[in-house]
Amino acid sequence: MKDRLFILSQYLLPHHLLSRLIGCAAECRVGWFKNRLIGWFAQQYQVNMSEAQVEDLTAFAHFNDFFTRALKDGARPLDTASGAVLSPADGAVSQLGKIEQGRVFQAKGHSFSVIELLGGDSQRAAPFMGGDFATVYLSPKDYHRVHMPLTGTLKEMVYVPGRLFSVNQTTAENVPELFARNERVVCLFDTERGPMAVVLVGAMIVASIETVWAGLITPPKRALKTFRYDETARAPIVLEKGAELGRFKLGSTAVVLFGPEQVQWAEELAANSPVKMGQRLGLPRS
């Protein structure tokens, strides 16, 4: 009954209004307010500040400054295996495996369309049909910057408007096509393993999503927008493996896609496996 009421509330709540109001609070610079909020959050979620560049909770300008905190050099060593595909973020593997019949497995009885995930364009989705996916969920205590799984040249970025359902095990098991319904930013790269998509999926109380090359992406006017980065559009943007790609101001999920026969996920990883940014998710298929 508790789960049913929670899911019902997800459909009834004004997702965007609630998220924007919380976003305003997260940018508040009033000392007593932001210090109390940061202190409560760090204690509530047992945030490990010993690995942060700035350990003093009162030194942050506002809550979002704390939430998107940088880590100390060496806090996330990158796996050095040749061709290793890295975890883009701290968190837990929600699911990983094959893209079958154009769909990505979400949770028991649920999957979602790759075409819809990538903004409704079948040509954009075509290179990933029959390929592989990994979904990484970022919990509140995690480091909330997203990094490159492989070195890649940015080809396209797509902002896809949508809802802002909470993202957790309960919603994954009960909200159909959750990740293809929520607001998201699709980043498409060319890599040594062919096309790679990294999708930053929003959630309730995610106040914004940023990328390192474009800055703030959400909240914009909620209309689908496509940005091309080929030679005819603007100078190429190349991001090295492990480089920061973007960040969540309040967190959610990153979905990574590859084409067929390009990557082999690590055998020890399964649903709910904890991961750290820079950890090996997989290796090239021979």
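In this text the structure is predicted, and so the values were computed from the model without any measurement.

## Here we look at helix 3 (residues 31-44)
Helical geometry note: an α-helix holds 3.6 residues per turn, so side chains three or four residues apart project in the same direction.
Part 1 of the argument: Taking 1.5 Å per residue as the helical rise, helix 3 with its 14 residues ought to reach 20 Å, and the 20 Å between its terminal C-alpha atoms agrees with that figure.
Part 2 of the argument: Those residues of helix 3 that sit buried are Lys34, Ile38, Phe41 and Ala42. Looking down the long axis of helix 3, one finds its buried residues gathered within 95° of arc, a one-sided arrangement. Opposite the packed face of helix 3, turned more than 90 degrees from it, sit the exposed residues Trp32, Arg36 and Gln43.
Part 3 of the argument: In this structure, the buried residues of helix 3 make contact with helix 4 (63-67).
Part 4 of the argument: Positioned one or two residues after helix 3, Gln46 has a phi angle of 50°, which is positive.

## Considerations on the sheet that holds strand 18 (residues 280-284)
Part 1 of the argument: Taken in spatial order, the three strands line up as 1-18-16 in an open sheet, and their pairing is antiparallel. Each end of this open sheet is capped by a strand with a single partner; those strands are strand 1 (85-86) and strand 16 (263-265).

## A few points about the pairing of strand 15 (residues 253-258)
Part 1 of the argument: Judged by how many residues are buried, strand 15 sits mostly within the fold: six of six residues are covered.
Part 2 of the argument: Of the two faces of strand 15, the one carrying Thr253, Val255 and Leu257 and the one carrying Ala254, Val256 and Phe258 are both buried.
Part 3 of the argument: Across six bridges, the pairing between strand 9 (residues 194-201) and strand 15 is antiparallel. Residue Val199 lies in a different strand from strand 15, and its bridge partner there is Val255.

## Some remarks on the nonpolar core
Part 1 of the argument: In terms of nonpolar packing, the biggest core is built from 35 residues, with Phe189, Met196, Leu200, Trp213, Leu245, Phe258 and Trp265 touching the most fellow members.
Part 2 of the argument: For this core, the secondary structure elements donating two or more residues are strand 2 (91-98), strand 5 (132-137), strand 7 (152-160), strand 8 (184-191), strand 9, strand 14 (244-249), strand 15 and strand 16.
Part 3 of the argument: Not counting the four nearest positions on each side in its chain, Leu200 is found in contact with Val146, Glu183, Arg184, Val185, Ile209, Glu210, Leu245, Phe248, Thr253 and Ala254.
Part 4 of the argument: Within the second largest apolar cluster, 21 residues are counted, among which are Ile99, Ala125, Val160 and Val201.

## So, the side chain of Glu244
Part 1 of the argument: Tracing the backbone shows Glu244 in strand 14.
Part 2 of the argument: For Glu244, a relative accessible area of 19% translates into the label buried.
Part 3 of the argument: One polar contact links Glu244 to Arg247, side chain to side chain, over a distance of 2.8 Å.
Part 4 of the argument: Look past the residues within four positions of Glu244 in its chain and what remains in contact with it is Arg145, Val146, His147, Val212 and Leu239.

## Focus on the packing of aromatic side chains
Part 1 of the argument: Inspection of every chain in the model, using the stated rule, returns 12 aromatic pairs.
Part 2 of the argument: With 5.7 Å between their ring centres and 70° between their planes, Phe60 and Phe66 make a pair best called edge-to-face. The same class applies to Phe60 as to Phe66, namely buried.
Part 3 of the argument: A ring pair is formed by Phe189 and Trp213, whose centres lie 6.1 Å apart and whose planes are at 85°; its orientation type is edge-to-face. Within this pair, whereas Phe189 is found in strand 8, its partner Trp213 is found in the loop between strand 10 (208-211) and strand 11 (215-218), the two being separated by 24 residues in sequence.
Part 4 of the argument: The buried category is assigned to Phe189, whose relative accessible area is 2%.
Part 5 of the argument: Among the aromatic residues, ring-to-ring pairing joins Trp40, Phe41, Tyr45, Phe60, Phe63, Phe66 and Phe67 into one connected group.

## A look at the pattern of salt bridges
Part 1 of the argument: Evaluated as defined, the whole model comprises 11 salt bridges.
Part 2 of the argument: For Glu55, the salt bridge goes to Lys72, with nearest N and O atoms at 2.7 Å. Within this pair, whereas Glu55 is found in the loop between helix 3 and helix 4, its partner Lys72 is found in the loop between helix 4 and strand 1, the two being separated by 17 residues in sequence.
Part 3 of the argument: A residue is classified by how much of its surface remains accessible, and Lys72, at 34% relative accessible area, is partly exposed.
Part 4 of the argument: For Glu156, the salt bridge goes to Arg124, with nearest N and O atoms at 3.2 Å. You can see Glu156 sitting in strand 7 and its partner Arg124 sitting in helix 6 (residues 122-125), a full 32 residues away along the chain. Each of the two residues, Glu156 as well as Arg124, counts as buried.
Part 5 of the argument: One salt-bridge network, in which partners are shared between bridges, spans Glu51, Arg76 and Asp90.

What counts, and at which threshold
- Residues numbered from 1 in each chain as written.
- Predicted model: local features only at pLDDT ≥ 70, side-chain atom pairs only at ≥ 80, totals over all residues.
- Heavy atoms only, no water.
- Helix = DSSP H or I, 4+ residues; strand = E, 2+ residues; numbered from the N terminus.
- Expected span 1.5 Å × (residues − 1).
- Buried < 20%, exposed > 50% of the residue type's maximum accessible area, 1.4 Å probe, protein only.
- Arc of directions from axis to C-beta.
- Contact = heavy atoms within 4.5 Å.
- Pairing = 2+ DSSP bridges.
- Core = buried A, V, L, I, M, F, W, Y, C linked by side-chain atoms within 4.5 Å.
- Polar contact = N/O pair within 3.5 Å; in protein donor to acceptor, adjacent residues only side chain to side chain.
- Phe/Tyr/Trp six-rings, centres within 6.5 Å; stacked < 30°, edge-to-face > 60°.
- Salt bridge = Lys/Arg side-chain N within 4 Å of Asp/Glu carboxyl O.

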